[in-house]
Amino acid sequence: MPDSPFRVTRSQNPGPSRIEPGTLPARPVASSSRALEGPLGPGLAPRRHQAVAGPLSPVRNSAPRPLTGPSPASTRRSPPGLHTPDRAGRMRLLESALPSGGGTLKLLKERAARQHPATLAERLNAQLKGAPEALDVHSDAAFAALVRADVMAIAKAGAMEPSLAADALGAAIEEGMLGQGILPTDRQALLAALDQLSIHRLYQKINLKVTPETSPAFTNVQVLEPPRAFRSGSFHTVFGVRLAKLDGSVFDGIFKPLKATEKNNPTTAGTGIPESDPQTAMRNIATLAYARKLGMDVIVDTQVALIDTRQAPSVSNLQLGLVMERAPGKPALYTDVQTLDRADVCAEVTKLQLLDHLTGQTDRYHENYFIDIGPDGRVKVTGIDNDQCFGQKLTDPADIRPGADGTAQARFRGVGLPPVVDTDMERSIQALTEGDIRSMLEDKLNEAEISAAIQRHQGVKAHIAQLREIGRVIDPGHWGEPGVKELLTEHNSYIGRERQWVPFYAAGLQSSW
């Protein structure tokens, strides 16, 4: 086939295909362009309003996470129950659906010829039209229409879901079967446009399993104004976002893009969180699930979102990330000793500390949780940045405290187990079973991480039993008693630790953390 726009390439280092082999579904799928539309526009409907999604919606099916091995060269992959052809079948499908490569590639090849004309006709065309301007995938409706038309042609020819047709086209571009000779920036724009029609590639990029809890609660069409860089830490940049909710209200929160790897984090080596596959989303979601199971409202509400942070003009940067409500109040370091001495603050902060022992959270320093005293006097404690938890090496709940200098645990930022708890805390933790923990975590963590979580729970239960024997399980109304506060030191309590740090901050001294 000398005139075929398709090219077969062979890798010197073959790996698994990004699109799992299988057969085409027998049931045809309607080829209307509305099949690519959610209730909020092209792409995906938000997770919590998916009544319109059919049983084959990709965000409602679970894609198992590979246990080991490098990421394949191609990142497109279909969830179970949704099958697209293997490489040879994909080539036949694309040749049938797009006999001359499709309208999109025709446009992009013409643009490449204007940039680098090789024939007399191309030079004349370049002189007439000039060099191509950069494609803006956000505003170029004609380009988006060409991409959708090609995707729908593939979907119709293969009797398949349009989202999978987008995956098939994207895989062909990335594997070199299509797109030879187009401009690199145009190739990036085409893949970005396909990403907006299918999220499989984005999930596979960060090796994130698709579950109801990781499906997007918000998508880019709900962004009301460009995201603003809010804070840049050692490992993440977060953005302030304002998002439209379907009820007409506005969600004002924080968006933290997810990364496939997390290198040089000083706490991961000590906990057993793999730098090559940190699973940050799952650890945050698991922490929130654990808190809710215990009835402890001390963790920021955290969901997955699909948002373009628009850091590069005219280039799509659509990313999966965690979207969180803004925690009310102030970081613990910026409060005062009088606030820390309040009985209700002591109780709520101890709940957060107990949860951190259970989850193996090693990064709860004094700016990673907020304390708020509402207008009605009610206290709200909120833990944020719940990334460094559920490591498989951390089986003793007391080991979230810093280890000796020179060890992998030296940079841990927790404390020892609390010297006192109340009966409500005792009841909720003692009632939790191994079966509860497995059920809560089995779709979020691996077996080693779940096993470590079970051991930490057993350790916390044993510690509370010892406290019961020496009379340190108190009534919830007794946190204000002087004898209780005296037990809370910088070594065994967040409250005791912050009592040491807050005066230094108030005096204008820098924290070494």
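To be clear, the structure that these remarks concern was listed above.
Residues numbered from 1 in each chain as written. Predicted model: local features only at pLDDT ≥ 70, side-chain atom pairs only at ≥ 80, totals over all residues. Heavy atoms only, no water.

Caption draft 1: Representation of the overall build of the protein. Across its full length, the protein holds 16 helices and 13 strands. Looking at the protein as a whole, 51% of its 513 residues are labelled buried. Counting only contacts in the protein whose residues sit at least 6 apart along the sequence, the fraction spanning at least 24 positions is 72%. Carbon and sulfur atoms form 51% of the exposed surface of the protein, whose accessible area is close to 23000 Å². (Helix = DSSP H or I, 4+ residues; strand = E, 2+ residues; numbered from the N terminus. Buried < 20%, exposed > 50% of the residue type's maximum accessible area, 1.4 Å probe, protein only. Contact = heavy atoms within 4.5 Å. Areas by Shrake-Rupley, 256 points an atom, 1.4 Å probe, with all protein chains shown as cover.)

Caption draft 2: Main features of the pairing of strand E8 (residues 318–325). In terms of residue burial, E8 counts as a mostly covered element, since seven of its eight residues are buried. Pairing of strand E6 (residues 250–257) with E8, which is carried by five bridges, proceeds in the antiparallel orientation. By the bridge assignment for E8, Gly253 is matched with Glu325. Here strand E7 (residues 302–308) runs beside E8; their pairing, made up of seven bridges, is antiparallel. Of the residues in E8, the one forming a bridge with Leu306 is Leu320. (Pairing = 2+ DSSP bridges.)

Caption draft 3: A look at helix H6 (residues 184–195). In this model, H6 (twelve residues) spans 16 Å end to end at C-alpha, consistent with the 16 Å of a helix rising 1.5 Å per residue. For H6, the complete set of buried residues consists of Asp186, Ala189, Leu190, Leu191, Ala192, Ala193, Leu194 and Asp195. (Expected span 1.5 Å × (residues − 1).)

Caption draft 4: Main features of empty space enclosed by the protein. With the rule as written, the count across this model stands at four cavities of 30 Å³ or more. Taken as a whole, the second largest cavity spans an internal volume of roughly 60 Å³. As for the second largest cavity, its lining consists of Ile206, Leu208, Leu258, Lys259, Ala260, Asp277, Pro278, Gln279, Thr280 and Ala281. Split into classes, the residues belonging to the lining of the second largest cavity amount to six nonpolar, two polar and two charged. (1 Å grid on protein atoms, 1.4 Å probe; cavity = no way out; pocket = protein on both sides within 12 Å on 5 of 7 lines; lining within 4 Å. Points joined across faces, edges and corners; volume = space filled by probe spheres on them. Nonpolar A, V, L, I, M, F, W, Y, C, P; charged D, E, K, R; others polar.)

Caption draft 5: Inspection of the side chain of Thr267 at higher detail. Among the structural elements, Thr267 can be located in the loop between E6 and helix H8 (268–271). The buried category is assigned to Thr267, whose relative accessible area is 4%. The contact partners of Thr267, leaving out residues within four places of it in the chain, are Thr362, Gln388, Arg411 and Phe412.

Just geometry here; none of it tells us what the structure is for.
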